[in-house]
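Listed here are the chains, written in short residue letters.
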Amino acid sequence: MARNRKQLESLLQSANVFSKPKIKLEQYPTNPHLASHIVFMAHQNYDEIEGKVIGELGSGCGNLLLASALMGASYCIGFELDEDAMGIARENFSEYELDTHVEFVRADVTQLVAVGQFSEDDSSSDSKSSENSESQSSAENSESKSSAENFISRWRPLIDTIIMNPPFGTKVQGVDMIFLQVACQMARKSVYSLHKTSTRQYILQKARQWGVEAEILAELKFDIPNMYKFHKKKNVEVEVDLYRFDVSMLHRN
Amino acid sequence: FFFFFFFSMRLLSANTIVCIVKGCTDNFPLQIVPTVVEQEETECNPEFITHIMHRVDYPALKRMSEDIGIHGLPDELPADLENNEQLIQLLHTALLDTHVQQGELACNKCGRKYPIAQGIPNMLLTENEV
């Protein structure tokens, strides 16, 4: 287990990242510096890592989960759509001999969206013209909601905290909010998530609507290395907010 | 150096998975139909087991354990689990040391089968199932 943030960051340095990142899935790795800060903050300020069950939606190559495991999480569960990314994540866990602490489930978070509980149609942050599956007529979708909702609520007793770096929703609009919504329903206590600073007002408003307490823990620069051919500049810096959402009041039993 | 991957579906996650096909409800628990099951002994952490047992669906866990060939779990979980070392060890074996590498999770309600490949259950739906 890492003793401090610096050690956590240096342990994460040797983890592998996406070998062939997929643009559509917005696969940008959470770099060791950022991952160590996020997880260490959750550990030190909120005691929400050590001995806890941590989940990640869109776990990619698993940096945040790996950081959680290195910080003493008792169990990690990653939900990821992309098989290749999961392969890298499992290799990383294996190299740290933490494979007994992790499980992966192949799932598409956008297929799990259960709007039932928060009952609202507008989930797009960047624009009104949402093209995600949930924008279909909600009456028609009511059946799929119940099975997806059931799936989500089954995980809730198990997962204490979700830590994630969801897609920013630049390729598929609204996907950032779908991740956030599913995460808030799936975790018992809290969700840590990164979102573009430009969507701050929208996110705070949504959190209020959902009855979730949102706190911005840090303003960060997310360094997106020149991974994709369409990137003209060498590195792109995106301003992001690190949030902690307290969801415990949603799920009092 | 040769890495042997033990990433595999365990009962802990199987215990929480339901069928998500549109319109299919009351389908918990799914049935595990294993083709490759492996066991690897790890050190038992009794605290973790007692803690986690409050959060899993016990009848489903018992049924799924039997699906993968682990017998001997009692019908009901004793209230003083923390004092029952033997049962904790058996639960540890069922929850953490038994890996379903290949097989499927089958929904007995609608018949949908979710493949488990390389230890990862695949919950992706086709378009008309959403």
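The model shown is predicted, which means the values in this text are computed figures rather than measured ones.

Peer 1: Even after reading the chapter, I still don't get the packing of helix α1 (residues 5-12) of chain A against helix α2 (residues 32-46) of chain A, so can you show me in this structure?
Peer 2: Packed helix pairs are specified by the crossing angle of their axes together with the interaxial distance, meaning the distance between the axes. All names here are of chain A. Interaxial distance between α1 and α2 falls to 8 Å at its minimum, and their mutual angle equals 140 degrees. What the angle tells us is that α1 and α2 run oblique. Once α1 is placed against α2, the crossing between them reads as right-handed. Side by side, α1 and α2 meet where R5, L8, E9 and L12 of the first sit next to P32, H33, A35, S36, H37, V39 and F40 of the second. Taken together, the residues of the contact of α1 with α2 sort by class into six nonpolar, three polar and two charged.

Peer 1: How should α2 of chain A be read in this particular structure?
Peer 2: Note on helix geometry: an α-helix contains 3.6 residues per turn, so any two residues three or four positions apart are oriented the same way. Residue and element names in this part refer to chain A. For α2, built from 15 residues, the straight-helix expectation of 21 Å at 1.5 Å per residue is met to within 8% by its first-to-last C-alpha distance of 20 Å. Taken as a whole, α2 has its buried residues at P32, L34, A35, S36, I38, V39, F40, M41, A42 and H43. For α2, the N-terminal cap is N31; the gap from its side-chain oxygen to the backbone nitrogen of H33 is 3.1 Å. Phi turns positive, to about 50 degrees, at D47, one or two residues after α2.

Peer 1: For this particular structure, what's the right way to read empty space enclosed by the protein?
Peer 2: A probe as big as a water molecule, rolled over the atoms, marks out the empty space that is left. Residue and element names in this part refer to chain A. Under the defined criterion, the tally for this structure stands at one cavity of 30 Å³ or more. Here the largest cavity defines a volume of roughly 40 Å³. Surrounding the largest cavity, E26, Y28, N165, P166, P167, F168 and F222 form its lining. Its residues assigned to classes, the lining of the largest cavity shows five nonpolar, one polar and one charged.

So, how was this worked out
- Residues numbered from 1 in each chain as written.
- Chains lettered and ligands numbered in written order.
- Predicted model: local features only at pLDDT ≥ 70, side-chain atom pairs only at ≥ 80, totals over all residues.
- Heavy atoms only, no water.
- Axes fitted to C-alpha atoms, helices over the stretch in contact; angles between N-to-C directions.
- Helix = DSSP H or I, 4+ residues; strand = E, 2+ residues; numbered from the N terminus.
- Parallel < 35°, antiparallel > 145°, perpendicular 65-115°, else oblique.
- Left-handed = near helix turned anticlockwise from the far one by under 90°.
- Contact = heavy atoms within 4.5 Å.
- Nonpolar A, V, L, I, M, F, W, Y, C, P; charged D, E, K, R; others polar.
- Expected span 1.5 Å × (residues − 1).
- Buried < 20%, exposed > 50% of the residue type's maximum accessible area, 1.4 Å probe, protein only.
- Polar contact = N/O pair within 3.5 Å; in protein donor to acceptor, adjacent residues only side chain to side chain.
- 1 Å grid on protein atoms, 1.4 Å probe; cavity = no way out; pocket = protein on both sides within 12 Å on 5 of 7 lines; lining within 4 Å.
- Points joined across faces, edges and corners; volume = space filled by probe spheres on them.

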